[in-house]
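Remarks on the overall topology
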Amino acid sequence: MTTLRAFTCDDLFRFNNINLDPLTETYGIPFYLQYLAHWPEYFIVAEAPGGELMGYSEWCVIPKVLMLFMFTVMGKAEGSVAREEWHGHVTALSVAPEFRRLGLAAKLMELLEEISEKKGGFFVDLFVRVSNQVAVNMYKQLGYSVYRTVLEYYSASSGEPDEDAYDMRKALSRDTEKKSVIPLPHPVRPEDIE
């Protein structure tokens, strides 16, 4: 039976099986500690019966961004209520390879959407590599659509060119007219993102 529990500092040394996937964005220990210190209630880990980490999740709702890692979720909320931009943002969603295709990512996304609804968000958004069609298709199945393309969002290694990202969104009940998901007709650069 999978156990969802609060993420602890010790988990930072146990989640390499989740973070070593080439499509998973990884961060330094101070980044994780910052989220753990500021939004501990939004930093969740999924643990398999044998004690191995399946994924972690960290998300927060502070006016505009929510973050998820699979079976780890990281996030927060951000934005402006007056401009109808208050939303949850998925920072990362990553599931350990041996625990994929079990519905864990969908469950984490559902939890994040519920938190965003309770916090009065208009939508949930996330960024995903254009080349990661498995993830893009999964998010589409969960009701997300491509809002815009962000040019050269992901830094490349080994001298390869930077990679574009899709900014995908799903409107929440507060956005009754679904304004937040009307696609932009042109791509943007990372510095143009609020």
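Above this text sits the structure in question.
Calculation rules
- Residues numbered from 1 in each chain as written.
- Predicted model: local features only at pLDDT ≥ 70, side-chain atom pairs only at ≥ 80, totals over all residues.
- Heavy atoms only, no water.
- Salt bridge = Lys/Arg side-chain N within 4 Å of Asp/Glu carboxyl O.
- Helix = DSSP H or I, 4+ residues; strand = E, 2+ residues; numbered from the N terminus.
- Core = buried A, V, L, I, M, F, W, Y, C linked by side-chain atoms within 4.5 Å.
- Buried < 20%, exposed > 50% of the residue type's maximum accessible area, 1.4 Å probe, protein only.
- Contact = heavy atoms within 4.5 Å.
- Right-handed = clockwise from strand over helix to strand, strands pointing away.
- Pairing = 2+ DSSP bridges.

This next bit is on the pattern of salt bridges. Scanning the entire structure with this criterion turns up eight salt bridges. Its salt-bridge partner being Lys170, residue Glu113 comes within 3.1 Å of it at the nearest N-O pair. On the criterion of sequence distance, the pair formed by Glu113 in helix 3 (residues 104-118) and Lys170 in strand 8 (residues 163-171) is long-range, its members being 57 residues apart. Beyond isolated ion pairs, a larger network of salt bridges with shared partners links Arg148, Asp167 and Arg169.

Now for the nonpolar core. Residues Leu126 and Tyr139 are the most contacted members of the largest nonpolar core, which totals 20 residues. At the level of elements, strand 5 (87-93), helix 3, strand 6 (123-129) and helix 4 (133-141) are the ones that each hand at least two residues to this core. Residue contributions to this core peak at five residues, all from helix 3. Leaving out residues up to four positions away in the same chain, Leu126 has contacts with His89, Val90, Met109, Tyr139, Tyr144, Tyr166, Asp167 and Met168.

Moving on, we get to the pairing of strand 6. Of all seven residues making up strand 6, seven are buried, and the element is well covered by its neighbours. Side chains Phe123, Asp125, Phe127 and Arg129 of strand 6 all project onto a buried face; the interleaved residues Val124, Leu126 and Val128 project onto the opposite face, where all are buried too. Crossover handedness for the path strand 5 to helix 3 to strand 6: right-handed. Two strands pair when backbone bridges link them, and strand 6 and strand 8 are joined in this way by seven bridges, in the antiparallel orientation. Across the sheet, residue Val124 finds its bridge partner in strand 8, namely Lys170.

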